Structure formats: structure tokens, C-alpha cells
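Structure assessment
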Amino acid sequence: TREHKLQAAMTELATAQRQIGESLDYARLIQTSFLPNRVDLYDYIPDHFLIWEQRDAVGGDAYWLRPTRSGIFVGVIDCTGHGVPGAFMTLIVTSLLEKAVADGSTSPAEVLGRMNRLIKDSLGQNDRDAQSDDGMDCSLCHVSSDGKRIVFAGANSPLYIVDGQGARCI
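This structure is a prediction, so every number in the text was calculated from the model and none was measured.

Turning to the overall build of the protein chain, a few remarks are in order. Helix and strand counts for the protein chain come out as four helices and six strands. Mapped in sequence order, the helices and strands of the protein chain form the string α-α-β-β-α-α-β-β-β-β. Relative to the globule expectation of 15 Å for 170 residues, the C-alpha radius of gyration of the protein chain, 20 Å, shows a markedly less compact shape. The C-alpha extent of the protein chain, read off along each of the three principal axes, is 75 × 45 × 30 Å. Considering only intrachain contacts with a sequence separation of at least 6, the fraction spanning at least 24 residues in the protein chain is 51%.

In C-alpha cells form, the structure reads like this:
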């Protein structure tokens with residue numbers, strides 16, 4: 001009977017592990033659907049490379065692209081949390097970024113300021129008894145349509161420029 005109980009427990013564990021794996025695979029599909037289409041990235045930024053490898057199946061890292069009347073926004077985002085909590089944050093943050101640029105602003109600093117307020121409001125962080133201190137680090141650029149002007153703002157994230165002189169942090 002002891003061996004039978006052990007076998008039944010192992011079967012239950014395998015079933016639970018399979019269900020969790022399937023759930024995470026589906027969550028990965030949902031999370032990646034919030035990311036810019038790679039074809040769109042090449043349409044707007046033909047000479048680029050992208051490395052997006054999260055530690056877990058889902059997580060707190062994302063990138064963002066949004067065309068404007070005078071150019072494009074490009075953002076690299078690192079949300080608090082790994083795994084499922086980080087993935088929840090990326091979905092919240094990418095949705096709030098859309099809201100933050102809805103007025104047509106092309107100032108990365110203004111957008112990040114709005115994001116700070118929107119995140120605090122959405123997660124109830126303005127209350128004295130707030131349970132959450134979650135948020136994001138973000139590098140956000142607005143690139144002019146002609147590609148001659150880049151305006152940058154960062155929330156705990158720098159901008160690195162790589163050119164013929166090497167790499168340097170701004």
C-alpha cells in the first residue's frame with residue numbers, strides 16, 4: 001500500500017507539473033502578444049538587433065514601440081518581479097504606456113512622469129496602507145521621423161550609445 005500511495009502521489013505531481021507547464025506556455029503567448037511585432041521593428045528601425053531572453057518562461061522584461069506623428073517611441077522596460085508577477089507587471093505597464101502617450105506627447109520625461117502616477121494609481125500605491133511598491137525601470141527614447149534627433153529619459157536605466165568610438169553611457 002505504501003508503494004501504491006507513492007505511485008499515486010507521483011502521478012498527481014506529474015499531472016500538476018504538466019498543467020503548470022501548459023499554463024506558463026500559454027501565459028508566454030499572452031505576454032509576447034503585448035510586445036511589438038518584429039516586422040514592425042524592422043519597418044521603423046531597419047538597422048537594429050534585439051536580444052530578449054527572460055530568465056523564466058514569463059517575466060518582467062519587455063520592449064515597446066509606438067509610432068507618433070513626428071517619429072517613434074522606443075522603450076526597454078524592466079518591471080519588478082520575475083516569473084508570473086513580473087509578467088503581470090509587463091502587461092500592466094505596456095497598457096499604461098499606451099494611456100500615457102494618448103495625449104500625443106513626444107517627451108519621454110513627460111511620459112515617464114505620467115507612468116509613475118498611473119502605476120501608483122493602478123496599484124493603489126498612494127494609500128498609507130499600500131501593499132505594493134511594484135513598478136519599472138525604463139529607458140525611453142523618442143526618435144524623430146528623419147532619425148536625426150533622439151530625446152531620452154530614463155527611470156533607473158541609462159542609455160548606451162555604441163558607435164565608431166566604442167560604447168558610452170549617457
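With that settled, the discussion passes to unusual backbone geometry. Of note, Asn156 is a non-glycine position whose phi angle comes to about 60°, a positive value. Relative to the assigned elements, Asn156 resides in the loop between β4 (150-155) and β5 (160-163). Take Asn156: its relative accessible area is 69%, and that puts it in the exposed class.

For the structure on display, the rule yields one cavity of 30 Å³ or more. Its boundaries defined by the atoms lining it, the largest cavity holds a volume of some 30 Å³. Around the largest cavity sit Gln31, Phe34, Leu35, Asp61, Ala62, Thr90, Leu91 and Thr94, which together line it. Elements supplying a minimum of two residues to the lining of the largest cavity: β1 (61-68) and α3 (83-100). Its residues assigned to classes, the lining of the largest cavity shows four nonpolar, three polar and one charged.

About the cut-offs
Residues numbered from 1 in each chain as written. Predicted model: local features only at pLDDT ≥ 70, side-chain atom pairs only at ≥ 80, totals over all residues. Heavy atoms only, no water. Helix = DSSP H or I, 4+ residues; strand = E, 2+ residues; numbered from the N terminus. Rg over C-alpha atoms; globule rule 2.2 N^0.38 Å. Contact = heavy atoms within 4.5 Å. Buried < 20%, exposed > 50% of the residue type's maximum accessible area, 1.4 Å probe, protein only. 1 Å grid on protein atoms, 1.4 Å probe; cavity = no way out; pocket = protein on both sides within 12 Å on 5 of 7 lines; lining within 4 Å. Points joined across faces, edges and corners; volume = space filled by probe spheres on them. Nonpolar A, V, L, I, M, F, W, Y, C, P; charged D, E, K, R; others polar.

It is worth stressing that arrangement in space is one thing and function is another; only the former is reported here.
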